[in-house]
Amino acid sequence: MKKILYISILTLIFGSCLNMNDPEMQGQYIESYKSFNQELVNHFPKKIPNNFVAAAFGSAKYINKRNNYADLSLTIKIASKEEFIELKQLLIGEVKTVKEAMDSCFLIISYSNELNKKYDCNSITPIPLTALYDYDGKIDDWKIQDNVEIAVIDFQPGVFLTNENLVAKVEYPEKWRNGFSKGYSFDNEEQTIMYWLIIW
């Protein structure tokens, strides 16, 4: 009986070690998370959880002429359908608006303006490229994820970071040449949730 107990304990210990995230990546994520005003990232986990599948992090110091915005994103995958729905409902409780992927009033914030268009909308909703599009493996080839729901917690026009390369995006509608947006993307098919922030 003791032998079985020891084996069970060792299995749990080794299993948890295998699920630990790379300490260097964890450190980079925490550094990026702390570099932003807390009000902009308070919807994110403070550390990368074990069920993460992707993360991208930057801060004002990484803004350059090509990538002239700062962003933070973290994608997690929920194995259980019930747990996914439960967490989704909890997170949606704090958002301004929830929109389907094919909504025509998204302003896509990215290094490229190719996905944007002339808007005939009363209310434009700015979101990061990766909240709605998936990279298709070719240069600048992005494919819309049509089974995604976009939940926006907050978005505002204005300058929210100081950096010489953070300039007004003249190709965007006048009100939205600078600003920030934060929220979630829910992929109901893959059962993934992306937490995101973008400042441009």
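Everything discussed here concerns the structure shown above.
Residues numbered from 1 in each chain as written. Predicted model: local features only at pLDDT ≥ 70, side-chain atom pairs only at ≥ 80, totals over all residues. Heavy atoms only, no water.

Engineer: Before we go on, may I ask you to explain the sheet that holds strand E3 (residues 97-100) in this structure?
Structural biologist: Consider a sheet: its strands pair through backbone hydrogen bonds, and that pairing is either parallel or antiparallel. In space, the six strands of this open sheet follow the order E1-E2-E10-E9-E8-E3, with antiparallel pairing throughout. Looking at which strands have only one partner, the edges of the open sheet turn out to be strand E1 (52-57) and E3. Strand after strand, the sheet turns through a mean of 15° between neighbouring axes, direction not considered. Of the pairings in the sheet, the one linking strand E2 (residues 70-77) to strand E10 (residues 192-199) comprises eight bridges and is antiparallel in character. (Pairing = 2+ DSSP bridges. Helix = DSSP H or I, 4+ residues; strand = E, 2+ residues; numbered from the N terminus. Axes fitted to C-alpha atoms, helices over the stretch in contact; angles between N-to-C directions.)

Engineer: Sorry, what's going on with the pattern of salt bridges here?
Structural biologist: Two side chains with opposite charge may pair up if their charged atoms get near one another. Inspection of every chain in the model, using the stated rule, returns five salt bridges. Salt-bridge contacts for Glu31 lead to Lys61; the nearest nitrogen and oxygen are separated by 3.1 Å. Taken together, the residues span a long stretch of sequence, with Glu31 in helix H2 (residues 23-35) and Lys61 in the loop between E1 and E2 at a distance of 30 residues. By relative accessible area, Glu31 is classed as partly exposed at 45%. Look at Lys61 and you get exposed, because its relative accessible area is 54%. Lys99 serves as the salt-bridge partner of Asp103, at 3.9 Å between the closest nitrogen and oxygen. (Salt bridge = Lys/Arg side-chain N within 4 Å of Asp/Glu carboxyl O. Buried < 20%, exposed > 50% of the residue type's maximum accessible area, 1.4 Å probe, protein only.)

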